[in-house]
Amino acid sequence: MFLRMRIHARNNSLTFLDSEPKPHPGEHLHLRLHRARSVALTSQELVEVRAAQRTFEGAYMRTALGQFSFALVILKIFTEEFYAIGALFAVYGSAVLLVAAYRRYQGNRQFFTSGTGHGGVRKKFKTSGDTVLLMAALSLGAYVTLMVLTWRLVS
């Protein structure tokens, strides 16, 4: 690793230019109360937050619409032995829509403050980990149910 240095002739000092890492741009955020008013964002950061929100909401909607479309194809094309599988995909699509609504509700409460034991206020950020776990459990349940329904078709 090479270090860049600057020598100051006036006071005979030496400065290392690459010695300290630069902070991440997101580390200078100031939290307040509600998410809509909680972070003092620049216009570029606000665009990034909105883009991420649109991305996640779009992903949930595309997933739900894909499940509804697949359920409709199964219900329309295949015989009645496959109706249970079509119903499974319709229920899974509805559940994804409910998870999307929950994530939106939760997203409005991600930035908050809490009191510390010493009378101070602590600023916190809550991630969407519980939504990820909910979707994982929901998907796992849907896949297991699909395996059971497919096994019943074979036997």
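Procedures and definitions
Residues numbered from 1 in each chain as written. Predicted model: local features only at pLDDT ≥ 70, side-chain atom pairs only at ≥ 80, totals over all residues. Heavy atoms only, no water. Helix = DSSP H or I, 4+ residues; strand = E, 2+ residues; numbered from the N terminus. Contact = heavy atoms within 4.5 Å. Areas by Shrake-Rupley, 256 points an atom, 1.4 Å probe, with all protein chains shown as cover. Expected span 1.5 Å × (residues − 1). Buried < 20%, exposed > 50% of the residue type's maximum accessible area, 1.4 Å probe, protein only. UniProt positions renumbered as here; feature names shortened; annotations may be inferred.

A. Local environment of the overall build of the protein chain. Looking only at helices and strands, the protein chain features 4 helices and 4 strands. Each helix (α) and strand (β) of the protein chain, taken in turn from the N terminus, gives the series β-β-α-α-α-β-β-α. Long-range contacts, defined as pairs at least 24 residues apart, comprise 48% of the intrachain contacts of the protein chain with a sequence gap of at least 6. Within the structure as shown, the protein chain displays about 12,100 Å² of accessible surface, and the carbon and sulfur contribution to it stands at 64%.

B. Looking closely at helix 4 (residues 129-154). With 26 residues, helix 4 ought to run about 38 Å at 1.5 Å a step, and its terminal C-alpha atoms sit 38 Å apart, in line with that. Those residues of helix 4 that fall on the buried side of the exposure criterion are T131, M135, S139, A142 and L149.

C. Structural view of the UniProt feature "transmembrane region" (unreviewed entry) in the protein chain. According to UniProt, the positions carrying the feature "transmembrane region" (unreviewed entry) are residues 84-102 and 132-154. Span residues 84-102 is 100% helix and 0% strand, its end C-alpha atoms 27 Å apart. Measuring from the first to the last C-alpha atom of residues 132-154 gives 33 Å, for a span that is 100% helix and 0% strand.

D. Representation of the environment of V91. Counting through the fold element by element, V91 comes out in helix 3 (residues 83-107). Sequence spacing of V91 and A64 is 27 residues, and the spatial spacing of their C-alpha atoms is 9.7 Å.

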